[in-house]
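Spelled out, the chains give:
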Amino acid sequence: MTDYSGPMRVLSGIQPSGGMHLGNYLGAIRKFVDLQSEYECYYCVVDMHAITVWQDPQKLREQTFHIAAAFLAAGVDPKQAAIFHQSGVHAHAELAWIFNCVARLGWLDRMTQFKDKAGKDKERASVGLYTYPVLQAADILVYKATHVPVGEDQKQHLELSRDIAGKFNHDFKAENFFPLPEPLIKGPGARIMSLKNGEAKMSKSDPSENSCIFLMDDADAITKKIKKAKTDPEPLPSEPDGLKGRPEAANLVGIYSALAKKTDADVLAEYGGQGFGVFKPALADLVVEKIAPIGEEMRRLEADHAYLQTVLSEGAGQAASIADKVVKDVKEIIGFLT
Ligand code: AMP
Ligand code: TRP
C-alpha cells in the first residue's frame, strides 16, 4: 500500500447462497462488528457473486434478507457501517467489466476456488464463475477499500485484487490511484473446520448436516451437533503443542477459544487432562450462550422484510455516493467520455 494516502476503508461481502454458520461468524461477521467503530465500513450481500451458480429467484431474495439479518443480529450497526446488496450499487458491475480487461487469463487460471467449484466438468461452469474474483476486486476497489476482513479461504482472491489494483495503477500511469487492499485474516476464527472432519473447512454446502453449526440452530441442535462431533480417544493436552496431529481436537479447542476470546493455551490450562465427556458439554454451553441469541434475533428480523429492505436501500444509497465517484474517475483515467 506504500504511498497510498486516501482514507482507511473496510469492505467485505458474503454470498446469499445458504445458511450463515459459525465459520462465517468467527471468520468474517464478528470482525465486521469489531472494525465498525474505527473505520469507514462497507458490508455487502454479494448477490451477483451468488448467481455464478444457479440460484432459485425466490430463495435468492430470502437468502439476501437472511444475510442482512445476520449482519444486524451479530451487531453490525447501520448507523456506523453501510449494509447493502451488491446489485443495488451499479458501480460494482461497471468496474468489474473494466477490471475484466485488466486481469489476465493466466492469473484467473491459478484460482483454486474456481477449480474446486467448477469440478471436473469446467466446460459447463458459468463464465461468471471464472471471472468471480474480478468482480470481487471491483467490490473492494470501487470504494478504494484498504482493508478486507475475510476468512483464510479468501487469501488468493485478495492477492488477485492487489494484482489488479497494481496493474491498473501502472498501465494507466495513475500512481497510487487504487490502494493495494490488505486482507485482515488473522485471528482465532480464520478457519473453522467441519465437526465431522478436522481437515475440511466448515461449509454450508457440506452434505453432512451435523458438520456445520448454523447461526439459526437452536440450543438443542447446537448441543446435539457438538455431542456428535468427531474426536479422538485421548484427553485434551495441557499445552497447544499437544494438539498437533489432532485436527478435530484442535478445531473444538479453537472454537472455544475464539468464542471465549481466550488463547488456546488458556483454554488448555483449564481443560488439559480432561476428556471430551467434560469438554464437549462446556463447549456446547458456550456456543449456545454466544450463538443462540444471534439466531433468535435473526428470526425476529427475518420476519420484518420491510425493515431489512429499508436498511439495504439506505446502505446502497450511501455506498453508491462513494462508488459512483470512483467509477467516474476511472472512466476519465481510461479515456471514456464522462
Ligand atoms: P461464504 O459463506 O463462502 O460467502 O464466506 C463468507 C465469509 O466467511 C468469507 O469471509 C469467508 O472467508 C468466511 N468463511 C467461510 N467459511 C469459513 C470457515 N469455515 N472458517 C472461517 N471463515 C469462513
Ligand atoms: N468471495 C467471497 C466469499 O466467497 C465473497 C466476496 C465477494 C467478498 N466480494 C467480496 C469478500 C469482497 C470480501 C470482499 O466468501
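Everything here concerns the structure above.
None of the values given here were measured: they were computed from a predicted structure. One numbering rule holds for all chains: residues counted from 1, following each sequence as written. Lettering for chains starts from A, numbering for ligands starts from 1, and both go in the order in which the items are written. Local features are withheld for residues below a pLDDT of 70 in this predicted model, meaning they are given only at 70 or higher, and side-chain atom pairs are given and counted only at 80 or more; totals for whole chains, interfaces and linings count all residues. Values shown for side chains rest on all heavy atoms present in the structure; no hydrogens or waters enter the calculation.

Asks: Help me out: how do you make sense of the layout of surface pockets in this one?
Replies: Over the atoms, a rolling probe the size of a water molecule traces out where space has been left empty. With a 1 Å grid laid over protein atoms only, a set of points is called a cavity when a 1.4 Å probe fits there but cannot get out and a pocket when it is open yet has protein on both sides within 12 Å along at least five of seven lines; lining residues have an atom within 4 Å of a point. Grid points are joined across faces, edges and corners, and a volume is the space filled by probe spheres set on the points. The volume enclosed by the largest pocket comes to roughly 1,200 Å³. A run of DSSP states H or I qualifies as a helix once it reaches four residues; a run of E qualifies as a strand once it reaches two. Both are numbered from the N-terminal end. Within the residue set of the lining of the largest pocket, elements represented by two or more residues are β1 (9-14), α1 (22-35), α2 (47-50), α6 (112-118), α7 (127-141) and α8 (155-171). Amino acids outside the nonpolar list (Ala, Val, Leu, Ile, Met, Phe, Trp, Tyr, Cys, Pro) and the charged list (Asp, Glu, Lys, Arg) are all regarded as polar, and Gly is one of them. For the lining of the largest pocket, the per-class residue count stands at 13 nonpolar, 22 polar and eight charged.

Asks: How should I be thinking about the environment of Lys 225 in this particular structure?
Replies: Along the chain, the position of Lys 225 falls in helix α9 (residues 219-228). Remark: the alpha-carbon pair of Lys 225 and Leu 195, spanning 30 residues in sequence, is separated by 7.8 Å. Contact between two residues is taken to exist if any of their heavy atoms lie within 4.5 Å; hydrogens are not considered. Once you skip the residues sitting within four places of it in the chain, Lys 225 turns out to touch Leu 195, Glu 209, Asn 210, Cys 212, Ile 213, Phe 214 and Asp 217. For this analysis, a polar contact is any N or O atom pair within 3.5 Å, provided that within protein one partner can donate a hydrogen and the other can accept it, and provided that sequence-adjacent residues contribute only side-chain to side-chain pairs. In terms of polar contacts, Lys 225 uses its side chain to reach the side chain of Asp 217, at 2.7 Å.

Asks: I keep staring at the nonpolar core and nothing clicks. Help me out?
Replies: A general feature of soluble globular proteins is that nonpolar side chains tend to end up buried together. As used in this record, nonpolar core signifies buried Ala, Val, Leu, Ile, Met, Phe, Trp, Tyr and Cys residues forming a set joined through side-chain atoms within 4.5 Å. Here's how the labels work: a residue is buried when its accessible area is under 20% of the maximum for its type, exposed when over 50%, partly exposed in between, all with a 1.4 Å probe on protein chains only. Grouped together as the largest cluster of nonpolar side chains are 62 residues, with contacts concentrated most on Tyr 25, Ile 29, Tyr 43, Phe 71, Phe 279, Val 287 and Ile 291. A total of eleven residues in this core trace back to one element, the largest contributor, which is helix α12 (residues 276-302). Sequence-distant contacts of Val 287, that is, excluding residues within four places in its chain, are made with Ile 213, Ile 222, Ile 226, Ile 255, Leu 259 and Ala 292. Counting 49 residues, the second-largest nonpolar core is a separate cluster that includes Val 46, Ala 96, Leu 135 and Ile 185.

Asks: What is the right way to read the site of ligand 1 from this model?
Replies: Not every one of the 17 residues close to ligand 1 is listed here, only the nearest: Gly 151, Asp 153, Ile 192, Met 202 and Lys 204. Here a nitrogen atom of ligand 1 and a backbone polar atom of Ile 192 are 2.8 Å apart. Between ligand 1 and Lys 204 there is a distance of 2.7 Å, counted from an oxygen atom to a side-chain nitrogen or oxygen. We get accessible surface area from the Shrake-Rupley algorithm with a probe of 1.4 Å; when it comes to residues, only the shown protein chains can shield them. For ligand 1, the accessible surface in isolation is 490 Å², of which the surrounding protein chains cover 93%. The cavity where ligand 1 resides is the largest pocket. Take the shell around ligand 1: its biggest share by element is four residues, from α1. The class makeup of the residues in the shell around ligand 1 is six nonpolar, eight polar and three charged. One heavy atom suffices: a residue is near a molecule or strand as soon as one of its heavy atoms comes within 4 Å of it. Put plainly, a molecule is in a cavity or pocket when over half of its atoms are within 2 Å of the grid points there.

Asks: What exactly am I supposed to notice about the site of ligand 2 here?
Replies: The environment of ligand 2 is formed by 13 residues, the closest being His 49, Tyr 132, Gln 136, Asp 139 and Gln 154. The contact in question runs from a nitrogen atom of ligand 2 to an N or O atom on the side chain of Tyr 132, over 2.7 Å. The side chain of Gln 154 places a nitrogen or oxygen atom 3.0 Å from a nitrogen atom of ligand 2. With the chains in place, 90% of the 370 Å² that ligand 2 exposes on its own is no longer accessible. The cavity where ligand 2 resides is the largest pocket. Only β1 and α7 provide two or more residues apiece to the shell around ligand 2. Per element, the largest residue contribution to the shell around ligand 2 is four residues, and it comes from α7.

Just distances and angles here, no functional claims.
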